[in-house]
Amino acid sequence: MNEADVIKLFKCLADKSRLQILKSLIHEDMYVELLAQRLDLTASTISFHLKKLESVGAVTSRKDQYYTIYSIKEDVFKSTILDLIKEESSEAEIQKEREENYRKKVIENFFVYGKLKNIPAQRKKRLIILEEIAKAFDFDREYTEREVNIIIADFHDDFCTLRREMVGENILTRNNGIYKLVKNDK
Amino acid sequence: MNQVKEKYISYLDKKIGEYNRICEIYKAEDRKDEADFEKIKANICDIFKTLFIRDTKELEGKELSVSNNKNLYTNFLLRFDTIPANWKLSLAKAIAYGDVKKQVIEETKLAVAKELKEQFISILN
């Protein structure tokens, strides 16, 4: 667990209802409806809190017939607060984390459920968007222009601009009308 | 018309006050996310209150016949279908993409709109 994860965990735990959920899960594993009944909250509110707890690694879930059963992730709570505070991140890790957060924010701002809202004017942001679209392509595979257009059109109607930008930014190569994804370290 | 207007606005004010009060309680109890959901409920009531006042204001001072009254109420009732239409779409997308936060927000908005519609119909009757 790095510093950012520790902060996320503390923020998540700083909520009365989520603490109540954890208190219940300490005694036994439970499903959403049972927790809702016991804590007098709606099932959707419980689901919301459980999702948050799951995202910081405080709880885990498993399918059991019709229900999703939630249980506490004991190893997280077995560490002392001192252990968690002692967690340090190197400068390189902090920098990487900053970049990842920025990237995540750009993607969240420009994509709505996988669709690109608009093409960013700023190059740095546009590059992030193009790299995100590139994830839909396979390495070591050749694509015709039509195939490329179809893939990009799933994200945005202006597939021509995006295709040209991807070639311009060296994300895709183009030789005799055949496109290939360029390998990089990102 | 005035009686319906007064009753409904008073109902909406009561609901707004109630949601805001619960919101403050949740905040004090360190239940920020649930406090936000209560705020959303209050905001939905506020939206319908604004629209209701605007719709009734348009006819203020006019000699209203029974048919005009009915027309106003029919138009206002339609708002309970038109406004939440996008919320329903948004909810369907949230469910499809497993976006639990959005799902809870859209469900909350739809539940409040449904309650406000039912109350309006009950006042009319």
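The rules behind the values
- Residues numbered from 1 in each chain as written.
- Chains lettered and ligands numbered in written order.
- Predicted model: local features only at pLDDT ≥ 70, side-chain atom pairs only at ≥ 80, totals over all residues.
- Heavy atoms only, no water.
- Helix = DSSP H or I, 4+ residues; strand = E, 2+ residues; numbered from the N terminus.
- Buried < 20%, exposed > 50% of the residue type's maximum accessible area, 1.4 Å probe, protein only.
- Contact = heavy atoms within 4.5 Å.
- Areas by Shrake-Rupley, 256 points an atom, 1.4 Å probe, with all protein chains shown as cover.
- Domains from an automatic or database assignment.
- Arc of directions from axis to C-beta.
- Buried area = accessible area lost by both parts, 1.4 Å probe.
- Salt bridge = Lys/Arg side-chain N within 4 Å of Asp/Glu carboxyl O.
- Polar contact = N/O pair within 3.5 Å; in protein donor to acceptor, adjacent residues only side chain to side chain.
- Nonpolar A, V, L, I, M, F, W, Y, C, P; charged D, E, K, R; others polar.

**Things to note about the overall build of chain B**
- The helix and strand inventory of chain B stands at four helices and zero strands.
- The 125 residues of chain B split such that 41% are buried.
- A separation threshold of at least 6 residues defines the contact pool for chain B, and within that pool the share at least 24 residues apart is 73%.
- When the accessible surface of chain B is summed, it comes to about 7,200 Å², and 51% of that surface belongs to carbon and sulfur atoms.

**Overview of the domain arrangement of chain A**
- We note that the domain assignment places domain 1 (3-84) and domain 2 (92-181) within chain A.
- Relative placement of domain 1 of chain A and domain 2 of chain A: their C-alpha centres are 36 Å apart.

**Things to note about helix α9 (residues 145-153) of chain A**
Residues and elements named next belong to chain A.
- What α9 keeps buried is the set Val 148, Asn 149, Ile 151 and Ile 152. Down the axis of α9, the buried side of the element spans an arc of 165°, and every buried residue falls inside it.
- Where α9 is buried, its residues meet α8 (123-134), β6 (142-144), α10 (159-168), β7 (172-175) and β8 (178-181).

**Some words on the environment of Gly 177 of chain A**
All names here are of chain A.
- Among the structural elements, Gly 177 can be located in the loop between β7 and β8.
- Here the alpha-carbon distance between Gly 177 and Glu 145, two residues 32 residues apart in the chain, equals 6.3 Å.
- In contact with Gly 177, not counting residues within four places along its chain, are Tyr 143, Thr 144 and Glu 145.

**Thoughts on the interface of chain A and chain B**
- Contacts between chain A and chain B engage 14 residues on the former and 18 residues on the latter.
- Of the roughly 1,300 Å² buried where chain A meets chain B, counting both sides, 58% is carbon and sulfur surface.
- Contact with chain B buries surface across chain A, with Lys 16, Phe 48 and Tyr 113 of chain A losing the most and accounting together for 55% of the total.
- Our count for the chain A to chain B interface comes out at two salt bridges.
- Residues Asp 33 of chain B and Arg 18 of chain A are paired through a salt bridge, measuring 2.8 Å at the closest nitrogen-oxygen approach.
- Remark: the boundary between chain A and chain B carries eight residue pairs in polar contact (both at pLDDT 80 or more).
- Residue assignment for the side of chain A that touches chain B shows that the elements contributing at least two residues are α2 (16-27) and α4 (43-55) of chain A.
- Counting residues per element, the side of chain A that touches chain B draws most heavily on α4 of chain A, at seven residues.
- Considered class by class, the residues forming the side of chain A that touches chain B number four nonpolar, five polar and five charged.

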